[in-house]
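# Reading the structure
What follows is each chain in one-letter form.
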Amino acid sequence: MSHYTLQKEDYSKLDKNISIAIITAQFNKNFTDQLEVLNKDFLTQEGFHNINTYKVPGAYEIPGLAKQIIDNKSADLIICLWVVIKWDTPHFDYVCWESARWIMNLTIQSHIPIMNGILTCFTEKQVNERLKPVYALSGLNTLVAYNQ
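A brief report on the enclosed structure follows. Just so it is clear, the model here is predicted, and its values are computed rather than measured. (Residues numbered from 1 in each chain as written. Predicted model: local features only at pLDDT ≥ 70, side-chain atom pairs only at ≥ 80, totals over all residues. Heavy atoms only, no water.)

## What about the pattern of salt bridges?
Spelled out, the test is: Salt bridges are counted wherever a side-chain nitrogen of Lys or Arg sits within 4 Å of a carboxyl oxygen of Asp or Glu. The way it works is that DSSP assigns letters per residue, a run of H or I at least four long becomes a helix, a run of E at least two long becomes a strand, and they are numbered from the N terminus. Throughout this description, buried means an accessible area under 20% of the type-specific maximum (1.4 Å probe, protein chains only), exposed means over 50%, and partly exposed covers the range between.
Tallied over the entire structure, the rule returns 6 salt bridges. A salt bridge links Lys55 to Glu36, with the shortest nitrogen-to-oxygen separation between them at 2.8 Å. You can see Lys55 sitting in strand β2 (residues 51-56) and its partner Glu36 sitting in helix α1 (residues 29-45), a full 19 residues away along the chain. Judged by relative accessible area, Lys55 falls into the partly exposed class, the value being 43%. Since its relative accessible area comes to 9%, Glu36 is described here as buried. In this structure, Glu129 engages Arg130 in a salt bridge whose closest nitrogen and oxygen atoms are separated by 3.7 Å.

## Thoughts on α1
Applied cut-off: Helix span, as expected, comes to 1.5 Å for every residue beyond the first.
Taking 1.5 Å per residue, 17 residues should reach 24 Å; α1 reaches 24 Å between its end C-alpha atoms and fits that length. Immediately beyond the C-terminal end of α1, within one or two residues, lies Gly47, with a positive phi of roughly 100°.

Any link to function would need more than the numbers given here.
Encoded structure:
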């Protein structure tokens, strides 16, 4: 596992009233709910309180809801959270590639920063090692970059 540490930017220049959407897949709910809480708590501690959370069944549904949020201009930042564990079937590959590709396409097409907070792991142990608020931090750092 990489030992890269994401550095906090200066968030003082960001409007703390921006609207943040967190979309969380309910597949592997025991992990994704933890990711959502970690990220929402981090954002709140940084002074962001206009946070709306949305639940979808799985990773495939995230791009569709993200598109609706973009079309309705109802968020300034979107954070997408999901967990896919490989196990024994190629289903993992299809879910990860296609969902991530559509999030990337939306990011390119829109003017709203979208964070792809996907955990693609081989085991539950790997998921537990990665349960950190790094996605919210990544989202805020991307927002800083968009606003320069």
